[in-house]
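Read off the chains here:
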Amino acid sequence: MLETVSLDQLRTFIAAATEGSFSAAGRKLRRSQSVVSHTISNLEHQVGVKLFVRESRYPTLTSEGNILFIEAMEVINRVNDFKTTARKISEGMESEVSLVVDIMFPMGLLTAAVKALHESYDSVAVNITVNALGGTVQPLLDKSCQISIIGFLPELPPSISCDFLLSTSHVFVASHDHPLSLQSSDLSRKEVSKHVQLIIIDKTNVSKDLNFGVVSPKVWKLTDLSVKRECLLAGLGWGSMPYQMVKQDIEDKRLTPLKIKDMSEMFFLMPMSVAVNSSNPPGPAGRWLVNKLKALSAKYEGENPGEGSKDR
């Protein structure tokens, strides 16, 4: 009998419970009191439970009725969610937003944007991949993602549009007891090239012909910033890092900033942009996320001008 319980019966049950009487429920549902009473009686018969006490002027829920009222509300709410999601999909709302993010991008800012997206579009799933260099560009070109946050900008086809988000501050560092940290404040390329340089590599061919500040013939290649930081702290080499990621290490004298002549300032900026492919554009939720990233990035830039410059 339970498989024949209908949504109409549950809505009638809810209306009777919330309105306080069968006649009031009938007015809300635009039905007669007798139809409401008959519907409730049929529901009680089907579930095998008495839902209302009818001895007084106004029917009141039994203890069993109270329990099933909560269950009925959950069922109707889920059905309403189902209908809302179906409507959004039919109107072009995507079921998932696929996002590739450069490892240098501030992850706190990213999670704030994604959290806001979830609060506004809770039915939309988010697929986040963190990558470096061309690894943020290739998925956009082959249409395996709708949005990419790019730190490295090669020559891109006209279908790819980019909007500046922010600049992240980077610094060359080595462990506090590394030989380079014990030398003069102005290091030459020749001096630093004698030591292992830790670099983040491009796992694609997008930047194969480009050089990103590699000066040492002794290179260790990494794909993860956290691993790179641990290697730096262990004194295994020197390299550049996002300032905010190593700020505390510098303050605690675990890492030492390096100033290398003819390369850049001790602190240097890397621009970050958000990119989409017009031949594979994001849907409404993705476009909302792009705008949220722009807004949060503008605020971040205002609160962190030049980031590390004040700590030189």
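For the chain, the name recorded in an unreviewed UniProt entry is LysR family transcriptional regulator, with Serratia proteamaculans as its organism. UniProt's Sequence similarities (unreviewed entry) comment on the chain is quoted here verbatim: "Belongs to the LysR transcriptional regulatory family."

Quick look at the environment of Leu180 now. Following the sequence through the fold, Leu180 ends up in the loop between strand E6 (160-175) and strand E7 (186-187). Setting aside anything within four residues of it in sequence, one finds Leu180 in contact with Leu187, Glu191, Val192, His195, Trp238 and Leu258.

In the structure shown here, the tally under the stated rule is one cavity of 30 Å³ or more. If you add up the space inside the largest cavity, you get close to 30 Å³. Along the walls of the largest cavity sit Thr85, Lys88, Ile89, Met93, Glu94, Ser95, Ser123 and Val124, which together make up its complete lining. A per-class count over the lining of the largest cavity returns three nonpolar, three polar and two charged.

With that out of the way, let us pick up unusual backbone geometry. Negative phi values dominate among residues other than glycine, just as trans dominates among peptide bonds. With a phi close to 65°, Lys143 is a non-glycine residue in the positive phi region. Within the secondary structure, Lys143 sits in the loop between helix H6 (138-141) and strand E5 (147-150). One non-glycine residue, Lys253, lies in positive phi territory at about 60°. Within the secondary structure, Lys253 is located in the loop between helix H9 (243-251) and strand E11 (255-257).

A separate point is the pairing of E5. Neither face of E5 is exposed, since Ile147 and Ile149 on one face and Ser148 and Ile150 on the opposite face are all buried. Pairing of strand E3 (residues 96-102) with E5 involves three bridges; the strand directions are parallel. Across the sheet, the residue bridging to Val101 is Ile149, located in E5.

This next bit is on the packing of aromatic side chains. Tallied over the entire structure, the rule returns five aromatic pairs. Ring centres of Phe22 and Phe52 lie 5.5 Å apart, and the angle between their planes is 90°; this geometry places the pair in the edge-to-face category. Residue Phe22 is found in helix H2 (residues 22-29), and its partner Phe52 is found in strand E1 (residues 52-53); the two are separated by 30 residues along the sequence. Phe52 gets classed as buried once you look at its relative accessible area, which sits at 1%.

The subject of this paragraph is the nonpolar core. Of all hydrophobic cores here, the largest spans 50 residues; its most connected members are Phe105, Ile147, Ile149, Leu289 and Leu293. Sequence-distant contacts of Ile149, that is, excluding residues within four places in its chain, are made with Leu99, Val100, Val101, Asp102, Phe105, Leu110, Thr136, Leu165, Met272, Ser273, Val274 and Leu293.

Taking burial as the measure, the seven residues of E3 include six buried ones, the bulk of the element. Where E3 and strand E4 (residues 125-131) come together, seven bridges link them in parallel fashion. Its bridge partner lying in E4, Val101 is registered against Val130. Taking the sense of rotation as the criterion, the β-α-β connection linking E3, helix H5 (residues 107-120) and E4 turns out right-handed.

What counts, and where the lines are drawn
Residues numbered from 1 in each chain as written. Predicted model: local features only at pLDDT ≥ 70, side-chain atom pairs only at ≥ 80, totals over all residues. Heavy atoms only, no water. UniProt positions renumbered as here; feature names shortened; annotations may be inferred. Helix = DSSP H or I, 4+ residues; strand = E, 2+ residues; numbered from the N terminus. Contact = heavy atoms within 4.5 Å. 1 Å grid on protein atoms, 1.4 Å probe; cavity = no way out; pocket = protein on both sides within 12 Å on 5 of 7 lines; lining within 4 Å. Points joined across faces, edges and corners; volume = space filled by probe spheres on them. Nonpolar A, V, L, I, M, F, W, Y, C, P; charged D, E, K, R; others polar. Buried < 20%, exposed > 50% of the residue type's maximum accessible area, 1.4 Å probe, protein only. Pairing = 2+ DSSP bridges. Phe/Tyr/Trp six-rings, centres within 6.5 Å; stacked < 30°, edge-to-face > 60°. Core = buried A, V, L, I, M, F, W, Y, C linked by side-chain atoms within 4.5 Å. Right-handed = clockwise from strand over helix to strand, strands pointing away.

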